[in-house]
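Spelled out, the chains give:
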Amino acid sequence: MHLDPVPLGTAPTLDDAAAAPPADAPAKQTLRERLATLGARMAALQGALYAEQRRAMLVVLQARDAGGKDGVIRHVFGRLNPMGVEVTSFKAPTPLELSHDFLWRVHHRVPARGIVGVFNRSHFEDVLVVRVHSLVPEQVWGKRYEQINSFERLLADNGVTVLKFCLHISRQEQRRRLLDRLKEPHKNWKFNAGDLKERERWDAYTEAYQDAIGLTSTEWAPWYVVPADLKPLRDVLVAQVVVAVLERMAPQYPAPGPEAEELRRLLEAGG
Ligand code: AMP
Ligand code: MG
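Residues numbered from 1 in each chain as written. Chains lettered and ligands numbered in written order. Predicted model: local features only at pLDDT ≥ 70, side-chain atom pairs only at ≥ 80, totals over all residues. Heavy atoms only, no water.

Asks: I keep staring at the overall build of the chain and nothing clicks. Help me out?
Replies: In terms of regular secondary structure, the chain is built from 12 helices and 5 strands. Relative to its length of 271 residues, the chain is compact, with a C-alpha radius of gyration of 20 Å against a globular reference of 18 Å. Along the first, second and third principal axes, the C-alpha atoms of the chain reach 75 × 45 × 35 Å. In the chain, which comprises 271 residues, the proportion classed as buried is 46%. Look at the contacts in the chain between residues 6 or more apart in sequence, and 84% of them connect residues 24 or more apart. Carbon and sulfur atoms provide 54% of the accessible area of the chain, an area that totals close to 14,100 Å². (Helix = DSSP H or I, 4+ residues; strand = E, 2+ residues; numbered from the N terminus. Rg over C-alpha atoms; globule rule 2.2 N^0.38 Å. Buried < 20%, exposed > 50% of the residue type's maximum accessible area, 1.4 Å probe, protein only. Contact = heavy atoms within 4.5 Å. Areas by Shrake-Rupley, 256 points an atom, 1.4 Å probe, with all protein chains shown as cover.)

This is the structure we're talking about:
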């Protein structure tokens, strides 16, 4: 199984069935081995991206509460050299952030050349939670899809490859994971009473996600919908896309400069 980008203008199906692994999904152990192989390949490509210092990659992770964003960061991106990775978790905006346009805090965290940036939530919250809770009027959030497309185009034109993942879980799976957070002492810290309020708005979020994905899955910044109920499959599917995109980018280690040969001779001669 592998993921294709969502075609622009198509609202993806985000029902419970779309979150489930296919009947013929490999066993967990096989998936773990596959992830290890993909992780090694990803790290090798990242090494060249970092050394080349010409281009960046920005990975946007969006999901409902307990959808697996933190898990993907740890299990997939945790395999990269941390020197070349920057993770940004976007929370409810501060007063300073709110006093600017919605992309201000986001642009600031776009990775520099050579870096893989991972967004744990993103500017898409400004058409998701903001829309579902009417934090700004529709005249304001309604224009943001176009604004996001222009912003991501600017990034793409400036050497930033943008990839967007929606980690899609089913209602039952979210229930299981939220219950786990209440029951397991080492997971309590992740539970937020507000998560249940968001859960009540399940259908409103589904619509907001469908619009966001359908209206912003562009050629230059595509969306991928990941069936995310089975964690090891979710990780493999994300890693496969990242590896395929890095392979297409084909980063190259810089060739030695013209002085390298002479310096080598000097050092070899004991200088
Ligand atoms: P968490 O990811 O669990 O740490 O929660 C972060 C919270 O910040 C979530 O409830 C998000 O909905 C909220 N959040 C992130 N970005 C925004 C935004 N632009 N406007 C309002 N709330 C936001
Ligand atoms: Mg949370």
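From this point, the narrative continues.
Asks: I tried to follow helix H11 (residues 231-249) on my own but got confused; where do I start?
Replies: Helical geometry: 3.6 residues make up each α-helical turn, so side chains three or four residues apart lie on a common side. Relative to the 27 Å expected for 19 residues at 1.5 Å per residue, H11 spans 27 Å between its end C-alpha atoms, a close match to the ideal helical length. Among the 19 residues that make up H11, 14 are buried, leaving the element largely enclosed by the rest of the structure. Looking one or two places after H11, you find Ala250, whose phi comes out positive at around 45 degrees. (Expected span 1.5 Å × (residues − 1).)

Asks: I'm lost on the packing of aromatic side chains in this one. Help?
Replies: Taken as a whole and judged by the stated rule, the model has 4 aromatic pairs. Arranged with centres 4.8 Å apart and planes meeting at 70 degrees, the rings of Phe124 and Trp223 form a pair that is edge-to-face. Residue Phe124 is found in the loop between strand E3 (116-120) and helix H5 (129-132), and its partner Trp223 is found in strand E5 (residues 223-227); the two are separated by 99 residues along the sequence. Residues Trp141 and Tyr145 carry aromatic rings whose centres are separated by 6.5 Å and whose planes lie at 85 degrees to one another, so their mutual orientation is edge-to-face. Looking at Tyr145, the relative accessible area reads 6%, which means it is buried. The side chain of Arg144 reaches across the aromatic face of Phe102, ending 4.5 Å from its centre. Sitting over the face of the ring of Trp220, Arg153 holds its NZ or CZ atom 4.5 Å from the ring centroid. (Phe/Tyr/Trp six-rings, centres within 6.5 Å; stacked < 30°, edge-to-face > 60°. Lys NZ or Arg CZ within 6 Å of the ring centre and 35° of its normal.)

Asks: What is the right way to read the pairing of E3 from this model?
Replies: Moving residue by residue along a regular strand, the side chains alternate between the two faces of the sheet. With 5 of 5 residues buried, E3 lies mostly within the body of the structure. Where burial is concerned, the two faces of E3 agree: the one with Val116, Val118 and Asn120 and the one with Gly117 and Phe119 are both buried. Bridge analysis of strand E1 (residues 56-63) against E3 gives 5 bridges, and the strand direction is parallel. Bridge pairing links Met57 to Val116 in E3. Where strand E2 (residues 85-89) and E3 come together, 5 bridges link them in parallel fashion. Looking at the pairing, Thr88 lines up with Phe119 of E3. (Pairing = 2+ DSSP bridges.)

Asks: What exactly am I supposed to notice about the nonpolar core here?
Replies: A general trend in soluble globular proteins is that nonpolar side chains are found buried together. Core analysis: the largest hydrophobic core is formed by 38 residues, its most contacted members being Met57, Phe77, Leu163, Phe165, Val238 and Val242. Elements supplying a minimum of two residues to this core: helix H1 (28-52), E1, helix H2 (69-75), E3, strand E4 (160-168), E5 and H11. Counting residues per element, this core draws most heavily on H11, at 11 residues. Filtering out sequence-adjacent residues up to four positions away, Phe165 remains in contact with Val59, Val60, Leu61, Gln62, Trp223, Tyr224, Val226, Val238, Val241 and Val242. (Core = buried A, V, L, I, M, F, W, Y, C linked by side-chain atoms within 4.5 Å.)

Asks: Quick question: what am I supposed to make of the environment of Arg199 here?
Replies: Topologically, Arg199 is positioned in helix H9 (residues 193-200). In this structure Arg199 comes out as buried when scored by relative accessible area, which is 13%. Distance from Arg199 to Arg64, taken between C-alpha atoms, is 8.5 Å for residues 135 residues apart in sequence. The contacts of Arg199, once residues within four sequence positions are left out, are Arg171, Gln174, Arg175 and Leu178.

Asks: Would you take a moment to explain the sheet that holds E4 for this structure?
Replies: Working definition: the strands of a sheet are paired by backbone hydrogen bonds and lie parallel or antiparallel to each other. Spatially, 5 strands are ordered E2-E3-E1-E4-E5 in an open sheet, and the strand pairing comes out parallel. Every interior strand has two partners, whereas the edge strands, E2 and E5, have only one. Across the sheet, the mean angle separating the axes of adjacent strands is 20 degrees when strand polarity is ignored. (Axes fitted to C-alpha atoms, helices over the stretch in contact; angles between N-to-C directions.)

Treat this as a map of the structure, not an account of what it does.
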